[in-house]
Number of protein chains: 2
Amino acid sequence: MNTNRRDFIKTTAVTAGMMGIGSIASACAAPAAAPKPELKLSFQESTPPGSNLNEKFDYMEKMGIVGFEPGGNGLAGRVNDIQQALRGRKIKVSAICAGFSGWLIAEDEAKRRECMETSKEIMAAGGELGSTGMILVPGFNGQQPSLQMPQAREVLIEQLKELGDFAVKHNTTLILEPLNRSEAWFLRLVADAAAIARDTETPGITCLGDFWHMTREEISDYGAFMSGGKYLRHIHIASRERRKMPGEDGAADNYVDGFRALKELNYQYYVSFECGTAGNREETVPAAVKLLREQWKKA
Amino acid sequence: MNTNRRDFIKTTAVTAGMMGIGSIASACAAPAAAPKPELKLSFQESTPPGSNLNEKFDYMEKMGIVGFEPGGNGLAGRVNDIQQALRGRKIKVSAICAGFSGWLIAEDEAKRRECMETSKEIMAAGGELGSTGMILVPGFNGQQPSLQMPQAREVLIEQLKELGDFAVKHNTTLILEPLNRSEAWFLRLVADAAAIARDTETPGITCLGDFWHMTREEISDYGAFMSGGKYLRHIHIASRERRKMPGEDGAADNYVDGFRALKELNYQYYVSFECGTAGNREETVPAAVKLLREQWKKA
């Protein structure tokens, strides 16, 4: 093994400068001038009760929910409606949840191109809405044939450079989402997503931490978020056993350790619900909001 | 923080077993009765000058190096020699560096079995030497054909349960080592190794954090080690651009952020050199030891 490693050193010594070593110490540093972090909660469109956007936003405002995470599918055609419904409200668009087609680690170049084009259309709409970024999964388990490691990562990063530059031009970002292994083999850990973002060398690529997926793939919410560092742009939250509203799984639904990391990182973005409910939405949603605010105080 | 953790551990006790959630909080918590962590430096056999074990150990003792990391290859036949050379010294065996053949994520069951058998032989010898554990890589890029995710992880964990129980019987552990992507596609992140160790449900499986590999695969040494938590059993260290002695790459060789995590985790094990040198060993080795002790103080 040592011999293998010595050989490896020789071959990589030249490229060592490109390894982004500088970011290692700074990655966990909080932005100097940023305000003290607060818990900015966000809902997806299906989370609040209500038969239309205005009813949903009225409900959210009453509860002090300040973020809205729409789906990316068909978003370009909804920009005006969403802007109208948000006018004069304290709610802002948080992240855009996917909606693209194709995938970036596909063996088939046409599928990769399809993902690039549909993602750009969604990011352009997201930019108009002032979104923090569009959530992207590089490849699901069911999307085959896919490239393997390490080639998949190299091809991904080349495409992300282009998508990141596009995102910056539209005042938004592309947010890489790690999923648990039953959904996606390629990207499962927050640290991995952050290192990919770093290696794209564009501020247009960021990453997401999802408590639900982290429950299976990581041993520490605190460690996972600290490993996302300055690249962390969005958080998804759900109960930890059934992916229902936080609190529906009782004692398992503890997020304090992760919230502590968000405070230390001076995290300025949203914590967004991505979950269903096994109960009455009119009861489980307010209970979840109350629980998360209590746990944020404890963190 | 302590209060949060106590509350958390209480409230999650019920589901901790099934979800591994207990470890989410406790993974970052320091063992209650453990002594204050100190920097316990360890050398591999090739690190110190000297033509035999006694000369090497004499050199190490003069420098206050308290750990020795031998290779696992042929270790069973060297147990007596190593015990003799260590007699009356302050140096203990730290981890055993690999030395097994075959690999645990091989498609070929015979290759997996070969890895199990050779690993057991090495762990038995390591146990006699009081080793903290045997370092294992589940699969290198060059070892093909290998199983793919998520099947590879399932097959790995089944084998690790057996190896972990064997390790416990021999008062040692098996230490999973994440490598950078140019060496191993399967296991690259400390968080991933720790989650695999957790899911084996045996204290015989632990993990390693290697500053050299982390430089490429992670953005934060602090985040990586906090994501290893209580499963962290061994640390490898080298310079960060060329894998030489710490300090040989100048300003890039900053380990303070990682050392801070080891202190917070109350890490009780070794930080072991795995590197060559581009200079005169008689100068670069003592300079590296001095640098690491200074940075440990700063952490």
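Owing to the predicted nature of the structure, the values given are computational and were not obtained by experimental measurement.

Student: Would you mind showing me how to read the overall build of chain A here?
Tutor: When helices and strands are counted, chain A shows 11 helices and 9 strands. Of all intrachain contacts in chain A linking residues separated by at least 6 positions in sequence, the fraction that spans at least 24 positions is 79%. For chain A, the accessible area works out to roughly 11200 Å², and carbon and sulfur atoms hold 51% of it.

Student: Would you mind going over the pattern of salt bridges with me for this structure?
Tutor: Any two side chains of opposite charge can pair if their charged atoms end up close together. Considering all chains together, one arrives at 42 salt bridges over all chains under this definition. When the shortest N-O distance is used, the salt bridge between Glu114 of chain B and Lys111 of chain B registers 3.6 Å. Placement of the pair is Glu114 of chain B and Lys111 of chain B together in helix α5 (residues 109-128), with a separation of 3 residues, close to one helical turn. Residue classification places Glu114 of chain B among the partly exposed positions, given a relative accessible area of 27%. It is possible to trace a salt-bridge network through shared partners that takes in Arg153, Asp192, Arg198 and Asp199 of chain A together with Arg181, Arg188 and Glu217 of chain B.

Student: Looking at this structure, I do not really get the packing of helix α3 (residues 53-62) of chain B against helix α4 (residues 79-86) of chain B. What am I missing?
Tutor: A pair of packed helices can be characterised by two numbers: the angle between their axes and the separation between those axes. Residue and element names in this part refer to chain B. Where α3 meets α4, the axes come as close as 10 Å, and the angle between the chain directions of the two elements is 40 degrees. It follows that α3 is oblique to α4 by the angle criterion. Between α3 and α4 lies a crossing whose hand is right-handed. Every residue of α4 that contacts α3 at Leu53, Asn54 and Phe57 is listed here: Asp81, Ile82, Ala85 and Leu86.

Student: I'm lost on unusual backbone geometry in this one. Help?
Tutor: Trans is the prevailing form of peptide bonds, just as negative phi is the prevailing case for residues other than glycine. A cis amide bond links Gln144 of chain A to the next residue, Pro145 of chain A, at an omega of 0 degrees. By secondary structure assignment, the location of Pro145 of chain A is in the loop between β5 (133-136) and α6 (151-169). Residue Arg243 of chain A is not a glycine yet carries a positive backbone phi of 60 degrees. In this structure Arg243 of chain A comes out as partly exposed when scored by relative accessible area, which is 21%. Unlike most non-glycine residues, Asn266 of chain B shows phi in positive territory, near 55 degrees. Among the structural elements, Asn266 of chain B can be located in the loop between α10 (256-264) and β9 (270-273). For Asn266 of chain B, a relative accessible area of 10% gives the class buried.

Student: Is there a simple way to think about the pairing of strand β7 (residues 205-210) of chain A in this case?
Tutor: Each regular strand carries side chains that alternate between the two faces of the sheet. Residue and element names in this part refer to chain A. When you tally the buried positions in β7, you get 6 out of 6 residues, the bulk of the element. One ladder, built from 3 bridges, connects strand β6 (residues 174-176) with β7; its direction is parallel. Counterpart to Leu174 in the pairing with β7 is Ile205.

Student: Looking at this structure, I do not really get the pairing of strand β1 (residues 40-44) of chain A. What am I missing?
Tutor: All names here are of chain A. Among the 5 residues in β1, 4 count as buried, and that is most of the element. Of the pairings in the sheet, the one linking β1 to strand β9 (residues 270-273) comprises 4 bridges and is parallel in character. Bridge pairing in β9 places Phe43 opposite Phe273. Note: β1 against strand β2 (residues 67-69), 3 bridges, orientation parallel.

Student: Teacher, can you tell me more about the sheet that holds β1 of chain A here?
Tutor: What holds strands together in a sheet is hydrogen bonding between their backbones, with the strands either parallel or antiparallel. Residues and elements named next belong to chain A. Read from one edge of the open sheet, 9 strands run β3-β2-β1-β9-β8-β7-β6-β5-β4, paired in parallel fashion. In this open sheet, the two strands that pair with only one neighbour each are β3 (92-93) and β4 (95-97). Sheet strands touched by α6: β6 and β7. Its angle to β6, the strand with the most contacts, is close to 135 degrees.

Student: I would appreciate a short explanation of the environment of Ala85 of chain A in the present structure.
Tutor: All names here are of chain A. On the secondary structure map, Ala85 appears in helix α4 (residues 79-86). The sequence separation of Ala85 and Ser42 amounts to 43 residues, and the corresponding C-alpha distance is 16 Å. Dropping the residues within four chain positions of it, Ala85 is found in contact with Leu53, Asn54 and Phe57.

Student: Help me understand the nonpolar core, please; the structure alone is not making it clear to me.
Tutor: In summary, soluble globular proteins display a tendency toward joint burial of nonpolar side chains. In this structure, Phe273 of chain A together with Phe273 of chain B are the most contacted members of the largest nonpolar core, which totals 164 residues. Here the element with the most residues in this core is helix α6 (residues 151-169) of chain B; it accounts for 8 residues. If we skip the residues at most four places from it in the chain, Phe273 of chain B touches Leu41, Ser42, Phe43, Gln44, Thr47, Ile237, Met245, Pro246, Ala288, Val289 and Leu292 of chain B. The next biggest cluster of nonpolar side chains, apart from the first, holds 5 residues, and it includes Ala95, Cys97, Ile135 and Leu208 of chain B.

Student: Just to check I follow, could you spell out α5 of chain B for this structure?
Tutor: Structurally, the α-helix is built with 3.6 residues per turn, so residues lying three or four positions apart point the same way. Residue and element names in this part refer to chain B. Compared with an ideal rise of 1.5 Å per residue, which puts 20 residues at 28 Å, α5 spans 29 Å between its outermost C-alpha atoms and is within 8% of the ideal. When we look at burial in α5, the residues that qualify are Arg112, Cys115, Met116, Ser119, Ile122, Met123, Ala125, Gly126 and Gly127. Lining the buried residues of α5 we find α4, β4 (95-97), β5 (133-136), α6 and β6 (174-176). Measuring from the backbone nitrogen of Ala110 back to the side-chain oxygen at the start of α5 gives 2.8 Å, which picks out Asp108 as the cap. Gly130 lies just past α5 and shows a positive phi near 75 degrees.

Basis of the calculations
Residues numbered from 1 in each chain as written. Chains lettered and ligands numbered in written order. Predicted model: local features only at pLDDT ≥ 70, side-chain atom pairs only at ≥ 80, totals over all residues. Heavy atoms only, no water. Helix = DSSP H or I, 4+ residues; strand = E, 2+ residues; numbered from the N terminus. Contact = heavy atoms within 4.5 Å. Areas by Shrake-Rupley, 256 points an atom, 1.4 Å probe, with all protein chains shown as cover. Salt bridge = Lys/Arg side-chain N within 4 Å of Asp/Glu carboxyl O. Buried < 20%, exposed > 50% of the residue type's maximum accessible area, 1.4 Å probe, protein only. Axes fitted to C-alpha atoms, helices over the stretch in contact; angles between N-to-C directions. Parallel < 35°, antiparallel > 145°, perpendicular 65-115°, else oblique. Left-handed = near helix turned anticlockwise from the far one by under 90°. Pairing = 2+ DSSP bridges. Core = buried A, V, L, I, M, F, W, Y, C linked by side-chain atoms within 4.5 Å. Expected span 1.5 Å × (residues − 1). Polar contact = N/O pair within 3.5 Å; in protein donor to acceptor, adjacent residues only side chain to side chain.

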